[in-house]
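Structural overview for review
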Amino acid sequence: MTFIEEFELSMKRHDLSKNTIGSTLYDIKDLCDFLKTEPKNLTKDSINSITEYQIETYINYLKESFKSTTALRRKVSLQKLLKFSGSDKIKFLSTEMKIKKVEPDTYFPTDEEVQELYEDVMENGNPTQRLIMDVIKHTGMRIGEVEKLNVSDIDFDKLEIRLYDTKNHKDRKLPVNKKLVNHIKKYIKKDRYELREQFKKDGDALFVSTKGRRHSGIGLLMRPFYNRHGFTTHGVRKQVSTKIYKITGCDAKTTSHFMGNTPETLLKHYIKVDKE
């Protein structure tokens, strides 16, 4: 068993969630890229030989390359690894290497930033990543709602998506345009069909994994793009909320219906309007 496999097993023994373990291992892979090595080549000795200078250089790289939430998460992942290896550098990392945290809800991506993320996924993503991005950009759905989406939830004739028992126990219908519907049809006919035919499981799920089951890691699937652009599809959801709010003449009640939030939560965390 490699050292990184022992590290993963230790996290499982401490009952860390699947997403947390996946995020940590992804962050360690980025650390290995920075150190020009492979995760499989990590050993207790190699981790303990990491110098304070290397740690400082890596933290500065995180600050310069990512938004604070991503940088802070990757610092925490490094702390976990150093703690597991018993490295004496963990004190230096904890006390000397500070990253100022900016709460995610305080950051609203601009229209240009959202468009850059969208174009990046459309150009460089796989078919599943592209459709996930397209659905969220045109509907503002939560990533968890996209993950639970069924083919039967989509009315191809009426051009709408039906969502049931969502986060706030609200059912809602979302209008969609023909371009998105055609993208969904193409995905079902080709890319999803090829995956489904291998195992024939979770027959109604729109997004299925390579094992034919409902995809349970959509957030992790999109993470390379999140890290590259510094915000998640939650930021895209904020942009969609603001657009609907403006289009409806600043009607919070109607906007909250489309977004599945209470008007109070919507206005506090999801809406950004200019002075005009």
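Read on for an overview of the structure. Owing to the predicted nature of the structure, the values given are computational and were not obtained by experimental measurement.

Here's the deal with the pairing of strand 3 (residues 172-175)
On strand 3, burial follows the alternation: Arg 172 and Leu 174 on one face are buried, whereas Lys 173 and Pro 175 on the facing-out side are not. Note that strand 2 (residues 160-163) and strand 3 share 4 bridges and pair antiparallel. Paired with Arg 162 across the bridge in strand 3 is Lys 173.

Brief notes about the environment of Glu 8
Along the chain, Glu 8 falls in helix 1 (residues 3-13). Classification of Glu 8 as partly exposed rests on a relative accessible area of 25%. Distance in space between the C-alpha atoms of Glu 8 and Thr 24 is 9.0 Å, their sequence separation being 16 residues. If near-sequence neighbours (up to four positions away) are discounted, Glu 8 is found in contact with Ile 21 and Leu 25.

Examining the pairing of strand 2
Within a regular strand, the side chains alternate between the two sheet faces. Where burial is concerned, the two faces of strand 2 agree: the one with Glu 160 and Arg 162 and the one with Ile 161 and Leu 163 are both buried. Direction of pairing for strand 1 (residues 154-155) relative to strand 2: antiparallel, over a ladder of 2 bridges. Bridge assignment links Ile 154 to a residue of strand 2, and that residue is Ile 161. As consecutive antiparallel partners, strand 1 and strand 2 are separated by 4 residues, and within that stretch Leu 159 has a phi angle of approximately 55°, a positive value.

Thresholds, definitions, all that
Residues numbered from 1 in each chain as written. Predicted model: local features only at pLDDT ≥ 70, side-chain atom pairs only at ≥ 80, totals over all residues. Heavy atoms only, no water. Buried < 20%, exposed > 50% of the residue type's maximum accessible area, 1.4 Å probe, protein only. Helix = DSSP H or I, 4+ residues; strand = E, 2+ residues; numbered from the N terminus. Pairing = 2+ DSSP bridges. Contact = heavy atoms within 4.5 Å.

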